[in-house]
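Report on the structure
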Amino acid sequence: MLSPYYQQHADYVSISREQGCRFAKCVADDYNPLHDKDAKKFCAPGDLLFSLVLDRYGISERMEFTFAGMVDENTKLNFPEQPGEEFDVNHGEKVILKVKRDGKTSKCPTLTNSLIKNYVEFSGAAFPHVIIPLMGKQAVMINPARPMIIYESMIINLNNIDIKSPTLEFAEPSFEYAGKRGKITLRFNLLENGEKVGFGEKHMVVSGIREYCQSTVDDLIAFYNERKATLKPA
């Protein structure tokens, strides 16, 4: 599932601009300009890094991911061969991703692929359809000229790992801010055959917050939809 979106070298993994861009648009439906292959400051999607960890190490009952660095086409990702309950994915001495996990672990490919697909689609759909209305409830919005929303961390908790193809549903999100900085928490439930089998959260930091303006929001959404229509791969 993930092999088209990274390169495995002898002792590290790399993600090209083309691979990161295609994952964002083809898998995550994410049209953040940072993930464009010709972006001035290209950054591979955090959800791709999350997916690579699940693909390599399986699904644990409790997992926490903290994003500590950005990944570009020059990053050499070092994944530990025999990780413990806590481990890092590094670029040299720099920590890129911190992982904590607890409980039983499943390496069932059906479960892994299902969780990756459903979570990444949920994550990619957050902007603008969830985030902009969520901030608008408090009469604020992102800076349209420079929408800085940084993926900070995420957690997943499963009641057990004896499941195969859990689906994901949105739960109530939250937003809090002070001045020009704030924190967005997106929540979801995991369901198997209609029953709740787990839950999770995605945490993001937003900066450059300003007073809400409906016409500006309308222009921002129109611009996003136009980008999506123009750039969506065949």
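Since this is a predicted model, take the numbers as computed values, not measurements. (Residues numbered from 1 in each chain as written. Predicted model: local features only at pLDDT ≥ 70, side-chain atom pairs only at ≥ 80, totals over all residues. Heavy atoms only, no water.)

**Observations regarding helix α1 (residues 17-27)**
The periodicity of an α-helix, 3.6 residues per turn, causes residues three or four positions apart to be oriented the same way. Quick reminder of the rule: The buried label applies to any residue whose accessible area, calculated with a 1.4 Å probe on protein chains only, is under 20% of its type's maximum; exposed applies above 50%, and partly exposed to all values in between. Helix and strand assignments come from DSSP, with helices taken as H or I runs of at least 4 residues and strands as E runs of at least 2, each series counted from the N terminus. Should any heavy atoms of two residues lie within 4.5 Å, those residues are considered in contact.
Within the sequence span of α1, burial applies to Gln-19, Gly-20, Cys-21, Phe-23, Ala-24, Lys-25 and Val-27. Of the surrounding secondary structure, the elements contacted by the buried residues of α1 are β1 (7-8), β2 (13-14), α2 (46-57), α3 (109-124) and α5 (214-231). Residue Asp-29 follows α1 closely and has a positive phi angle near 55°.

**Things to note about the layout of surface pockets**
Rolled over the atoms, a probe as big as a water molecule pinpoints where empty space is left. Applicable threshold: Residues are said to line a cavity or pocket when one of their atoms sits within 4 Å of a point; the points come from a 1 Å grid over protein atoms alone, cavities being sets where a 1.4 Å probe fits but cannot get out and pockets being open sets with protein on both sides within 12 Å along at least five of seven lines. Grid points are joined across faces, edges and corners, and a volume is the space filled by probe spheres set on the points. The classification used treats Ala, Val, Leu, Ile, Met, Phe, Trp, Tyr, Cys and Pro as nonpolar, Asp, Glu, Lys and Arg as charged, and all other residues, Gly among them, as polar.
For the largest pocket, the calculated volume is near 1300 Å³. Residue lining of the largest pocket: 48 residues in total, with Asn-32, Leu-34, His-35, Ile-149 and Ile-150 positioned closest to the centre. Of all the secondary structure elements, the ones that give two or more residues to the lining of the largest pocket are α2, β5 (94-106), α3, β7 (148-158), β10 (195-207) and α5. When residues of the lining of the largest pocket are assigned to their parent elements, the largest contribution, 5 residues, is made by β7. A class-by-class count of the residues in the lining of the largest pocket yields 30 nonpolar, 8 polar and 10 charged. Size it by volume and the second largest pocket reaches roughly 160 Å³. Taken together, Glu-18, Cys-21, Arg-22, Lys-25, Asp-36, Lys-37, Asp-38, Leu-231 and Pro-233 make up the lining of the second largest pocket. Among the elements that line the lining of the second largest pocket, the one with the most residues is α1, at 4 residues.

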